[in-house]
Amino acid sequence: MTTATLDLAIITGLSGAGRSTAAKCLEDLGWFVVDNLPPALLSTMAELGHRSAGAVSRIAVVVDVRGRAFFSDLRAAVEALDSRGMHPRMLFLEASDDALVRRFDHVRRPHPLQGDERVVDGINRERALLAELRGEADLVLDTTDLNVHELRAKIDVAFGQPRANRLNATVVSFGYKYGLPLDADFVADCRFLPNPHWVESLRPYTGRDPQVRDYVLAQPGAAEFVDQYTTLLRLVGEGYVREGKRYLTLAVGCTGGKHRSVAVAEQLGARLAADGVGVRVVHRDLGRE
């Protein structure tokens, strides 16, 4: 059986985190999307895709706790697909408890697992149920602070083109005073470098500006940090690809997310791109001050 023509994706995650929006985004990108599919039918859906003779080349299925008893069979279904040479990508969507509670209050609907208890009880129950699955996902998106357009942009980056046999990395600069990015696989701390904030002539500029970039990279240890972190990412990236994982999120932090982390994130992103990695650099907190 030839499997190269079929791209298969699984959309799952917490209720209220944006699965329906993700599914609509994939439909807009030309994917054939099936909502609330019992995992036991994943192989059947894949087989139908192959029989379409290329008419249906990208299939996405939404699997969630509405399936109740079916949901526990998801891992077995994915393993069965792997054994047949079909390796689905898994997208896991999540959000903070506060954000999820607000969303359920807004739509005036109960959480599917809350029963006679509070919404937050259902959320906690679902988090525990999906904890192991989250750890096995290829891509985890935290939608707490994302609007619909921002989520669509992330889906477009990840699924807009048929997957290539390469690593795709998102490098996110951030400020520690605003909190860690929740979806980071790795965190690089740049606070050991002198802060340009305390250099009056550099304070108005950002790590994207050459005078700040040159100042940061000229500091003792900066070049070695970029070199050695690049080596580490190459090692990890090769392992990710061998294990069938295609997405990596690197968070690069400094105090405010304006100078050091921005400059270093740009450098690491350029190094990864030169290695053939698909790179997207995002400066989360730039302009927030």
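Above: the structure in question.
Analysis parameters
- Along each chain, residue indices are assigned from 1 in the same order as the chain's sequence is written.
- Totals for whole chains, interfaces and linings use all residues, but because this is a predicted model, local features are given only for residues with pLDDT of at least 70 and pairs of side-chain atoms are given and counted only at 80 or more.
- With hydrogens and water excluded, all non-hydrogen atoms of the structure serve as input to the side-chain values.
- Starting at the N terminus, helices and strands are each numbered in turn, a helix being any DSSP run of H or I of at least four residues and a strand any DSSP run of E of at least two.
- Three labels apply to residues, based on accessible area from a 1.4 Å probe with only protein chains included: buried if under 20% of the type maximum, exposed if over 50%, partly exposed otherwise in between.
- Under this scheme, a helix contributes an axis fitted over its contacting stretch, all axes are lines through C-alpha atoms, and angles between N-to-C directions fall in the 0 to 180 degree range.
- By the definition adopted for this analysis, an angle is roughly parallel if under 35 degrees, roughly antiparallel if over 145, roughly perpendicular if from 65 to 115, and oblique otherwise.
- Handedness of a helix crossing follows the sense of rotation of the near helix relative to the far helix, less than a right angle counterclockwise being left-handed and clockwise being right-handed.
- Contacts between residues were defined by any pair of non-hydrogen atoms, one from each residue, lying within 4.5 Å.
- We call Asp, Glu, Lys and Arg charged. Ala, Val, Leu, Ile, Met, Phe, Trp, Tyr, Cys and Pro are nonpolar, and the rest, Gly among them, are polar.
- Each reported salt bridge corresponds to a side-chain nitrogen of Lys or Arg within 4 Å of a carboxyl oxygen of Asp or Glu.
- Note on pairing: two strands pair once DSSP finds at least 2 bridges between them.

## A look at unusual backbone geometry
Part 1 of the argument: Despite not being glycine, Asn36 has its phi angle at roughly 55 degrees, a positive value.
Part 2 of the argument: By the element assignment, Asn36 lies in the loop between strand S2 (32–34) and helix H2 (42–51).
Part 3 of the argument: Accessibility expressed as a relative area gives 32% for Asn36, which makes it partly exposed.
Part 4 of the argument: With phi around 55 degrees, Arg108 is a residue other than glycine that occupies positive phi space.
Part 5 of the argument: Examined against the element boundaries, Arg108 turns out to sit in the loop between helix H4 (97–107) and helix H5 (119–136).

## Overview of the packing of helix H1 (residues 19–28) against helix H6 (residues 148–159)
Describing two packed helices takes the angle between their axes plus the distance from one axis to the other.
Part 1 of the argument: Packing of H1 against H6 leaves a shortest axis separation of 10 Å and a crossing angle of 55 degrees. One element, H1, and the other, H6, form an angle in the oblique class. For the crossing formed where H1 meets H6, the hand is right-handed. In this structure, H1 uses Thr21, Ala22, Lys24, Cys25, Leu26 and Asp28 to contact H6, whose residues at the interface are Val148, Leu151, Arg152, Ile155 and Phe159.
Part 2 of the argument: Here the contact of H1 with H6 is composed, by residue class, of 7 nonpolar, 1 polar and 3 charged.

## Considerations on the pattern of salt bridges
For side chains of opposite charge, pairing can occur when their charged atoms come near one another.
Part 1 of the argument: According to the stated counting rule, one finds 15 salt bridges in the structure shown.
Part 2 of the argument: We note a salt bridge from Asp285 to Arg288, for which the minimum N-O separation is 3.0 Å.
Part 3 of the argument: Members of the salt-bridge network, linked through shared partners, are Glu47, Arg51 and Arg84.

## With respect to the sheet that holds strand S8 (residues 247–254)
Note: strands within a sheet are paired through backbone hydrogen bonds, in either parallel or antiparallel orientation.
Part 1 of the argument: Judged by pairing direction, the sheet is parallel, and its 4 strands sit side by side in the order S7-S8-S6-S9 without closing on themselves. Two strands in the sheet have a free side with no partner beyond their single neighbour: strand S7 (186–189) and strand S9 (278–283). Each strand of the sheet is rotated relative to its neighbour by a mean of 20 degrees, with strand direction disregarded.
Part 2 of the argument: Relative to S8, S7 is paired through 4 bridges, and the arrangement is parallel. The residue of S8 that forms the bridge with Val187 is Ala251.
Part 3 of the argument: This element, helix H8 (residues 222–242), spans S7 and S8 of the sheet and lies at about 175 degrees to S7.

## Considerations on the pairing of strand S1 (residues 7–13)
Successive side chains on a regular strand alternate, one facing one side of the sheet and the next facing the other.
Part 1 of the argument: A large share of S1 lies buried, amounting to 7 of its 7 residues.
Part 2 of the argument: A two-sided burial pattern is seen for S1, the buried positions comprising Asp7, Ala9, Ile11 and Gly13 on one face and Leu8, Ile10 and Thr12 on the other.
Part 3 of the argument: Pairing analysis gives 5 bridges linking S1 to strand S3 (residues 58–62), with the strands arranged parallel. Residue pairing in the sheet places Ile10 in a bridge with Val61 of S3.
Part 4 of the argument: Bridge analysis of S1 against strand S4 (residues 89–94) gives 5 bridges, and the strand direction is parallel. From the neighbouring strand, Ile10 faces S4, where its bridge partner is Met90.

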